[in-house]
Amino acid sequence: MNIDPRRSEAFVAAIDHGSFEQAAVQLHITPSAVSQRIAALEHDMGAPLLVRSRPCRPTAAGIRLLQFLRRRALLEAEFLAELSNDAGPARVALAVNNDTLATWLLPALAPILLTEQLLVEFVLDNQGHTAALLEQGQAVACISSVAAPVRGCSVTPLGLMRYRMVAAPEFARRWFPAGMNREAARRAPVMVFDRKDLLQTNFLLQHFGLPEGAYPFHYVPASEPYAEAIRLGLGYGMLPLEQCATMLQAGALVDLTPGLHVDVPLYWHAWRIQPARLERMGAALLQASRSVLLPLPA
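Counting restarts for each chain: residues are numbered from 1 in the order of the written sequence. Owing to the predicted nature of the model, reporting of local features is limited to residues with pLDDT of at least 70; listing and counting of side-chain atom pairs is limited to 80 or more, with chain, interface and lining totals taken over all residues. Excluding hydrogens and water, the side-chain figures rest on all heavy atoms present in the structure.

Defined as follows: UniProt positions are given in the numbering used here, feature names are shortened, and annotations may be inferred rather than shown by experiment.
As recorded in an unreviewed UniProt entry, the chain goes by LysR family transcriptional regulator ArgP and comes from Massilia solisilvae. The annotation that UniProt attaches to the chain under Sequence similarities (unreviewed entry) is "Belongs to the LysR transcriptional regulatory family."

Structure below.
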C-alpha cells in the first residue's frame, strides 16, 4: 500500500492549521475536498487519523503517521538537495521552553541556521512538556527536561539552567524586611509563568512549607515580560541565571534566598535517523550549550 501524497498533504495541513477551512486555504482547494482526502486516507490506513474538533487533533494512529510524514519530508528534501547539489532552505520545527529561547538558544543556533539554510519554527511549551510535542509529531526535535528518550529518538544531555528566587530591591524591602520567611511569603505576590510552571510552587513548598494557593500570584506567560514584571516590583519569582545575572550584579534585582537555587536539566531529543543538516544542528547546539549551561552531575 502506498500513501497518497495529496491525501497525506491534506492531513498534515489540517493538523498544522487546526481546521479544514484553513487547510483548504493553504492547499487552494475547498474544505469539502480536504475532508474527502482525509477520509480516503483514513480508509487507506484502516483507522481514524483525526479528531474533528477545533483545533483538529491527531488520534494515536494519526500521531504515528504524522511522525512518519514529517520525517519523510525532511529526508526527501535532503536527498533531492544532495542529488541536485543545491541544498535549498529546509524547514524544521523545534519544541523548546520559553526561558531557553529567551536566553541562550538563538545565539547558539544562529550560525548553524545560516550556514545550513534551515528555516526554523519554534513550538513553545514548558520544558517538561516539549518531549510530548516531539512524540506527537508537532516537532522534529526538542529541548526538554525529560531524560527518557522519545520512541525512535536519541537523547543527549545539554546541561543545567540555574534559577534564582529574585525580586526588585524596593519589593524586597516592602514585603521581606526581615528576609524571606514563611509568614511574609504567605502575603507577598508571586510571579508565575503559566499553569504548567511549577518552579515557584515546588520551591515554596520545599523550603517554606507553603502549598499552592497559600499565597497571591500573577500569571505572565512570556519570558521577557515575566522578567520585566519582577524588575518593576509586581512580584517575586524564579529567573534563570542567564537572564538575571547582569541585573543582580547591577543591583536592579536582589537574591531573596542566597544559597538556594533550582537547577533544571535540559536534554536534546532528535530522531535516531535524521537528515544530515539536522544532525549537524544538534552537534552545534551541544557544543554551544557547554559554554552556557552548567554541567550535569556525573
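### Topic: the nonpolar core
Where we set the bar: Definition of nonpolar core: a set of buried residues of the types Ala, Val, Leu, Ile, Met, Phe, Trp, Tyr and Cys, connected through side-chain atoms within 4.5 Å. Accessibility here uses a 1.4 Å probe with only protein chains present; expressed as a share of the type maximum, an area under 20% marks a residue as buried, one over 50% as exposed, and anything in between as partly exposed. Contacts were defined at the residue level, with two residues in contact if any of their heavy atoms lie within 4.5 Å.
Ranked by size, the top nonpolar core spans 61 residues in total, and within it W104 and Y236 carry the most contacts. The residues contacting W104, other than those within four sequence positions of it, are I143, L158, M161, L266, L285, S289, V292 and L293. Membership of the second largest hydrophobic core comes to 20 residues, among which are A23, V34, I38 and L69.

### Focus: unusual backbone geometry
For clarity, the cut-off: Helix numbers and strand numbers start at the N terminus; a helix is a DSSP run of H or I with at least 4 residues, a strand a run of E with at least 2.
Note the cis peptide between R54 and P55, where omega equals 0 degrees. For P55, the position within the fold is in the loop between β1 (50–51) and β2 (57–58).

### Remarks on the packing of helix α2 (residues 20–27) against helix α3 (residues 31–45)
Helix-helix packing: each pair is described by the crossing angle between the helix axes and the interaxial distance. Threshold: To define axes, lines are fitted to C-alpha atoms, for helices over the stretch in contact only, and angles between the resulting N-to-C directions are given on a 0 to 180 degree scale. When describing relative orientation, an angle under 35 degrees is termed roughly parallel and one over 145 degrees roughly antiparallel, while 65 to 115 degrees is termed roughly perpendicular and anything else oblique. Side-chain classes are defined by residue name, with Ala, Val, Leu, Ile, Met, Phe, Trp, Tyr, Cys and Pro counting as nonpolar, Asp, Glu, Lys and Arg as charged, and the others, Gly among them, as polar.
Put simply, α2 and α3 touch, their axes get as near as 8 Å, and they point 100 degrees apart. Classed by the angle they form, the pair α2 and α3 counts as roughly perpendicular. In this structure, α2 uses F20, E21, A23 and A24 to contact α3, whose residues at the interface are P31, V34, S35 and I38. Here the contact of α2 with α3 is built from residues that sort into six nonpolar, one polar and one charged.

### Looking at helix α12 (residues 276–290)
As a reminder of what qualifies: For a helix, the expected span equals 1.5 Å multiplied by the residue count minus one.
With 15 residues, α12 extends 22 Å from end C-alpha to end C-alpha; this agrees with the ideal 21 Å at 1.5 Å per step. The complete set of buried residues in α12 reads R277, L278, M281, G282, L285, L286, A288 and S289.

### Remarks on the packing of aromatic side chains
Quick reminder of the rule: Aromatic pairing here means that ring centres of Phe, Tyr or Trp (its six-membered ring) are within 6.5 Å. Orientation follows from the plane angle: under 30 degrees is stacked, over 60 is edge-to-face, and everything else is tilted.
For the structure on display, the rule yields seven aromatic pairs. Ring centres 6.0 Å apart and planes at 40 degrees place the aromatic pair F171 and Y236 in the tilted group. Note that F171 is positioned in helix α7 (residues 169–175) and Y236 in the loop between α10 (223–231) and β9 (237–240), a separation of 65 residues in sequence. Centre to centre, the rings of F193 and Y226 are 6.2 Å apart; their planes meet at 55 degrees, and the pair counts as tilted. Taken together, the residues span a long stretch of sequence, with F193 in the loop between β7 (190–192) and α9 (199–208) and Y226 in helix α10 at a distance of 33 residues. Using a relative accessible area of 12% as the deciding quantity, one classes F193 as buried. With a relative accessible area of 4%, Y226 lands in the buried category. Feature note: the residues F171, W175, F176 and Y236 constitute an aromatic cluster, connected by ring pairs.

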